[in-house]
There are 2 protein chains.
Amino acid sequence: MTLDIVIIGAGNVGYHLANALTQNEHRIVQMFSRNAQRFANIPPSICNSFTTKLSQLNPSASLYLIAVSDDAIEIVSPKIQVNPKAIIAHTSGATPSTVLQNHPQYGVFYPLQSFSRQKAVDFTKLPLLIDASDATSLQTLLQVANSISQHVHPLTDQQRQYLHVSAVFANNFTNHLLHIAHQICEQNQVPFEVLKPLITETANKIQTHPPRSVQTGPAIRGDQKTIDNHLALLHNNTELQKMYGYLSKSIQGDLDFKSIK
Amino acid sequence: MTLDIVIIGAGNVGYHLANALTQNEHRIVQMFSRNAQRFANIPPSICNSFTTKLSQLNPSASLYLIAVSDDAIEIVSPKIQVNPKAIIAHTSGATPSTVLQNHPQYGVFYPLQSFSRQKAVDFTKLPLLIDASDATSLQTLLQVANSISQHVHPLTDQQRQYLHVSAVFANNFTNHLLHIAHQICEQNQVPFEVLKPLITETANKIQTHPPRSVQTGPAIRGDQKTIDNHLALLHNNTELQKMYGYLSKSIQGDLDFKSIK
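Given the structure is predicted, the values throughout are model-derived calculations rather than measurements.

Caption draft 1: Broad picture of unusual backbone geometry. All names here are of chain A. In this structure, Glu25 is a non-glycine residue whose phi angle is positive, near 75°. Among the structural elements, Glu25 can be located in the loop between helix H1 (12-23) and strand S2 (27-32). On the accessibility criterion, Glu25 (43% relative accessible area) is partly exposed. We note that Gln189 has phi near 55°; this positive angle belongs to a residue other than glycine. Tracing the sequence through the fold places Gln189 in the loop between helix H4 (157-187) and helix H5 (196-208). Accessibility expressed as a relative area gives 55% for Gln189, which makes it exposed.

Caption draft 2: Spotlight on the pattern of salt bridges. Counted by the stated rule, this structure contains 12 salt bridges over all chains. The shortest N-O distance in the salt bridge between Asp71 of chain B and Lys225 of chain A comes to 3.9 Å. Separated into two different chains, Asp71 of chain B in helix H2 (residues 70-76) and Lys225 of chain A in helix H7 (residues 224-233) make up a pair that spans both. When its relative accessible area of 47% is taken as the criterion, Lys225 of chain A is described as partly exposed. Members of the salt-bridge network, linked through shared partners, are Asp71 and Glu74 of chain A together with Lys225 of chain B.

Caption draft 3: Here's a closer look at the relation of the copies chain A and chain B. Mapping chain A onto chain B is achieved by rotating through 180° and translating by 0.0 Å along the same axis, at an RMSD of 0.1 Å. The operation mapping one copy onto its partner corresponds to a two-fold rotation axis. Relative to the rotation axis, the C-alpha of Thr174 of chain A is the closest in chain A, positioned 2.5 Å from it. A share of 99% of interface residues in chain A that are also interface residues in chain B marks the association as one of identical surfaces.

Caption draft 4: Representation of the interface of chain A and chain B. With 92 residues of chain A at the interface, the matching set in chain B holds 91 residues. Of the roughly 9,600 Å² buried where chain A meets chain B, counting both sides, 64% is carbon and sulfur surface. Across the chain A-chain B interface, the total number found is three salt bridges. At the boundary of chain A and chain B, one finds 28 residue pairs in polar contact (both at pLDDT 80 or more). Of all the secondary structure elements, the ones that give two or more residues to the side of chain A that touches chain B are helix H2 (70-76), strand S7 (127-132), H4, H5, H7 and helix H8 (238-253) of chain A. Ranked by residue count, the leading element in the side of chain A that touches chain B is H4 of chain A, at 28 residues.

What counts and what doesn't
Starting from 1, residues in each chain are numbered consecutively following that chain's sequence as written. All chains are assigned letters beginning with A, and all ligands numbers beginning with 1, in the order in which they are written. Owing to the predicted nature of the model, reporting of local features is limited to residues with pLDDT of at least 70; listing and counting of side-chain atom pairs is limited to 80 or more, with chain, interface and lining totals taken over all residues. Excluding hydrogens and water, the side-chain values take into account all heavy atoms of the structure. Here a strand is any run of E in DSSP of at least two residues, a helix any run of H or I of at least four, and the numbering for each starts at the N terminus. For the exposure calls, accessible area comes from a 1.4 Å probe over protein chains only, and a residue counts as buried if that area is under 20% of its type's maximum, exposed if over 50%, partly exposed in between. Think of a salt bridge as a Lys or Arg side-chain nitrogen and an Asp or Glu carboxyl oxygen that are within 4 Å of each other. A residue counts toward the fit only if its pLDDT is at least 70 in both copies, and the copies are then superposed by least squares on the C-alpha atoms of those residues. We call two residues contacting when some pair of their heavy atoms lies within 4.5 Å. Reported buried area values correspond to the accessible surface (1.4 Å probe) lost by two parts on association, with both partners' losses combined. Each polar contact in these results corresponds to two N or O atoms within 3.5 Å; when the atoms are within protein, one needs to be able to donate a hydrogen and the other to accept it, and residues that are neighboring in sequence are counted only if both atoms are side-chain atoms.

Here you go:
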């Protein structure tokens, strides 16, 4: 099944999606960006028709993928005036599909990863989360997703939003803790290099074990002597002391997860 | 340079150290454990002389590596009565070398990793942090360390303690955040599988970039709308709401790292 697809947005997500879809049987018949400079880096093998005006969108494609910033989706959506059989889908994890409900068929085509233009993306390993307004559109979007990724899951709006919160904990917040570790090392002339194998190992372990089952460290051991030593070492930085104490208590309490949803 | 080494402690650290040292030219002339059952799993190719009594330690080795729990180091150390030329070193990240100062030569031989018996350890990639009471002992310990690892760093007691705090942030606390992400997924029937590539990518990025330079997410973008949405999603769990808000603020404040040491 080859689809004619228009990509709205030529940033990192739009570029990488266009590239992956082109390499897997689909045709990118047009790309839109407000900023014409974005088109300069897109080779003709990916797409050779561009516009900076939504009023000039090619009206006859089967699928319109909106790959703009979250805030811009609601602004862009009503300006997409195309054939009534088309599916309009956005690529945002945080945005409900219903912001597109002015269209007859709509959905979500969400690649869970942070992209940068420079780095090649292996879409076959990238999770794609799919939702749609109706069974036929869902089937079409799943087919397109399966043509570029081996990790496709249908998720409802609500599930996708909780996944997005989880990703903030698993990626953004963990990266911040790595930044803190980096700063503690730098301030004490300890090479951050030393921690890198441990960080890799932490990520590797949870590929095969539930994270709680591989939790280590003074908090889970109830080793108050080491906790007190660490708090004393951080005595000049009350912010870090507070965070150390707070996260240690959270590990020991194991929180109450009975009612997250 | 082949050394005769006694390993005090036959737990995971003792076992893996004995194994790596044997494979790299050294002789493990004796192993001690209070618990004789530990010896059953140690093949003769690693060691064939065991004792459960510190009073029966082989007195003529060059190096005694103490691989017991942190609390037990101070109890074990005075009972090590051996030749005065020997180096006595412990393997703890959190314990000062000076708890061994009753010995003429002492030091630290700290492998930064959490071990489990089942899993083979590639010591060549494992960071080893070394300290010693004197230049000659330091040289000997560095030579032994370099014979089994490509990542050997001399670190003072104080640097090693700060490294240990950093490791709590980089490993224990990040693992706890992965546990939280896991729980949010489970409670909402979202497969945790979906997050695994992102977690791997987070660990991979910091191998080549300072963590702060690859920080992403709503907090660093100042995307208050998404932050508010996420807080609303967590409305049934005030503990998680609090943590989400706290870590987001910490990312935005970038903390004050001027005075960690």
